[in-house]
Structure formats: structure tokens, C-alpha cells
Amino acid sequence: MSYARAIYLYGGDGMEYIPLDQHHVLKVVAGTQEDVWQGEVILLASGQREGTMLGTKLFQVPEQTNRELLCGMAQQALQAYREG
């Protein structure tokens, strides 16, 4: 089981955050359609682990049909981002 699929966090702002690694989370954003999931990869501020999940938005994740696919796409995109 991957790290992202093991833990779900809910920030003080009522949004759902899924940890991707120690410094990045996937912020799940409601889709425009019922079966569409959208999200943003966020670089957390130093020491940020709870609350409003303050950080810097790195990029938006392409729409997916479920949460699992959204997490997988976010992890792939983050890996590609790191590799330049």
C-alpha cells in the first residue's frame, strides 16, 4: 500500500488532503461532475502537518474518475516534477 493511499487528512479549512510524501500533499478539489476527481499538489510550509495545510501550490493534477487514480496520477506527476 502506498503512503498516499494509507492516510487521509482533513485540514482546518474542511478540505481533504492526502500525503504524497513528507513535504507534499494532494489537495482534493471537488469535480465539476459527479464522477470526476480533481486535485492540486501542494508543497507544505516547513513543519506544517495539520490545520489549514499552508503551502505553495505546485501544479494541478489532471482530472480522474476516482480518488485512487487521482492519487496515482499525483504521485507520477510529482516524480516527473522532481526529475525535471
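So, here is what we can say about the structure in this document. Since this is a predicted model, take the numbers as computed values, not measurements.

What counts and how
- Per-chain numbering applies: the sequence of each chain, read as written, is numbered from 1 onward.
- pLDDT decides what is reported in this predicted model: residues at 70 or higher carry local features, side-chain atom pairs at 80 or more are listed and counted, and totals for whole chains, interfaces and linings draw on all residues regardless.
- Water and hydrogen atoms were dropped before computing side-chain values, which therefore reflect all heavy atoms in the structure.
- When a carboxyl oxygen of Asp or Glu is within 4 Å of a side-chain nitrogen of Lys or Arg, the pair counts as a salt bridge.
- Numbering of helices and strands runs from the N terminus, with a helix taken as a DSSP run of H or I at least four residues long and a strand as a DSSP run of E at least two residues long.
- Under the scheme applied here, a residue whose accessible area is under 20% of the maximum for its type counts as buried, over 50% as exposed, and between as partly exposed, the area being computed with a 1.4 Å probe on protein chains only.

1. A short note on the pattern of salt bridges
Evaluated as defined, the whole model comprises three salt bridges. Between Glu-16 and Arg-67 there is a salt bridge, and its shortest N-O distance comes to 3.4 Å. With a gap of 51 residues between them, Glu-16 in strand S2 (residues 16-19) and Arg-67 in helix H2 (residues 67-83) connect regions that are remote in the sequence. Here Arg-67 falls in the partly exposed class, since its relative accessible area comes to 25%. Across the pair Arg-82 and Asp-21 runs a salt bridge whose closest N-O atoms are separated by 1.8 Å. Residue Arg-82 is located in helix H2, and its partner Asp-21 is located in the loop between S2 and strand S3 (24-30); the two are separated by 61 residues in the primary sequence. Looking at Arg-82, the relative accessible area reads 45%, which means it is partly exposed.

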